[in-house]
Amino acid sequence: MEKAELLEKLVKCQPPDEILYDLAELFKVFGDSTRIRILYALFENELCVGDIAGVLNMSQSSVSHQLRILKDAKLVKFRREGKSIYYALDDEHVYHIIEMGMQHVEE
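Note that this is a predicted model, so its numbers are computed, not measured.

## Structural notes on the overall build of the protein
If you tally the helices and strands in the protein, you get 6 helices and 3 strands. Ordering the α and β elements of the protein from the N terminus gives α-α-α-β-α-α-β-β-α. Since a compact globule built from 107 residues should have a radius of gyration of about 13 Å, the 18 Å found for the protein marks it as more spread out than a globular shape. With the C-alpha coordinates of the protein rotated into their principal frame, the extents come out at 60 × 30 × 20 Å. Within the protein, the proportion of its 107 residues that are buried is 25%. For the protein, the proportion of contacts with a sequence separation of at least 24, taken over those separated by at least 6, is 49%. Element-wise, carbon and sulfur atoms account for 54% of the exposed surface of the protein, whose accessible area totals about 7900 Å². If the 13 positive side-chain charges of the protein are averaged to one point and the 19 negative ones to another, these points end up 7 Å apart.

## Some details on the sheet that holds strand β1 (residues 47–48)
If you walk across this open sheet you meet the 3 strands as β1-β3-β2, and the pairing is antiparallel. Of all strands in the sheet, those with a lone pairing partner are β1 and β2 (76–81), marking the two edges. In terms of strand pairing, β2 meets strand β3 (residues 84–89) through 6 bridges, oriented antiparallel. Each bridged residue has a counterpart across the sheet, and for V76 the counterpart in β3 is L89.

## Topic: the nonpolar core
Among the nonpolar cores identified, the biggest contains 21 residues, and I38, L39, L42, I52, L67 and L70 are the most heavily contacted of them. Where this core is concerned, the elements lending two or more residues are α2 (17–30), α3 (33–41), α4 (49–56), α5 (60–72), β3 and α6 (92–106). At 4 residues, α4 tops the list of elements feeding residues into this core. Excluding residues within four positions of it along the chain, I52 makes contact with I38, L42, L47, V63 and L67.

## A word on the pattern of salt bridges
Under the counting rule described, the total for this entry stands at 4 salt bridges. Among the salt bridges present, the one from E8 reaches K12, with a minimum N-O distance of 3.3 Å. Taken as a pair, E8 and K12 lie in helix α1 (residues 3–13) at a separation of 4 residues, close to a single helical turn. Among the ionic pairs, R79 bridges to E46, the shortest N-O distance being 2.4 Å.

## Here's the deal with the packing of aromatic side chains
Counted under the stated rule, the structure contains 4 aromatic pairs. Seen in terms of ring centroids, F27 and F30 are 6.4 Å apart; in terms of plane orientation they differ by 45°. Their pairing is tilted. Here F27 pairs with F30, and both are found in helix α2, just 3 residues apart, close to one helical turn. Judged by relative accessible area, which is 13%, F30 ranks as buried. Where F78 meets Y87, the ring centres are 6.1 Å apart and the plane angle is 45°; that geometry is what we call tilted. A residue is classified by how much of its surface remains accessible, and F78, at 43% relative accessible area, is partly exposed. Accessibility expressed as a relative area gives 11% for Y87, which makes it buried. Grouped by ring-pair contacts, the aromatic residues Y40, F43 and Y95 constitute a single cluster.

Criteria and thresholds
- Residues numbered from 1 in each chain as written.
- Predicted model: local features only at pLDDT ≥ 70, side-chain atom pairs only at ≥ 80, totals over all residues.
- Heavy atoms only, no water.
- Helix = DSSP H or I, 4+ residues; strand = E, 2+ residues; numbered from the N terminus.
- Rg over C-alpha atoms; globule rule 2.2 N^0.38 Å.
- Buried < 20%, exposed > 50% of the residue type's maximum accessible area, 1.4 Å probe, protein only.
- Contact = heavy atoms within 4.5 Å.
- Areas by Shrake-Rupley, 256 points an atom, 1.4 Å probe, with all protein chains shown as cover.
- Lys, Arg positive; Asp, Glu negative; His and termini not counted.
- Charge placed at Lys NZ, Arg CZ, Asp CG, Glu CD.
- Pairing = 2+ DSSP bridges.
- Core = buried A, V, L, I, M, F, W, Y, C linked by side-chain atoms within 4.5 Å.
- Salt bridge = Lys/Arg side-chain N within 4 Å of Asp/Glu carboxyl O.
- Phe/Tyr/Trp six-rings, centres within 6.5 Å; stacked < 30°, edge-to-face > 60°.

Just distances and angles here, no functional claims.
Given below as structure tokens:
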């Protein structure tokens, strides 16, 4: 395959700019160590804000702020039980992203 053909093929295979923008925004969310700590705390179990705050030694207000960002990015989901709200990783994709990231940094 000629270089020109290869480049043309690559141009055609590029996702739309808005998809690439959304992907970049997703990785920005992962770019904060506090949010990564929260995601990692939720890796095994769902937790309420108070539990997350205790595990991470943070204020509930700070945790709530970060959870809002994670929820907006569709990385965490929540369920209400009485007056408590429990958070968990949103789906298997989030588990895999964290798992693969950990494997990569531990190599």
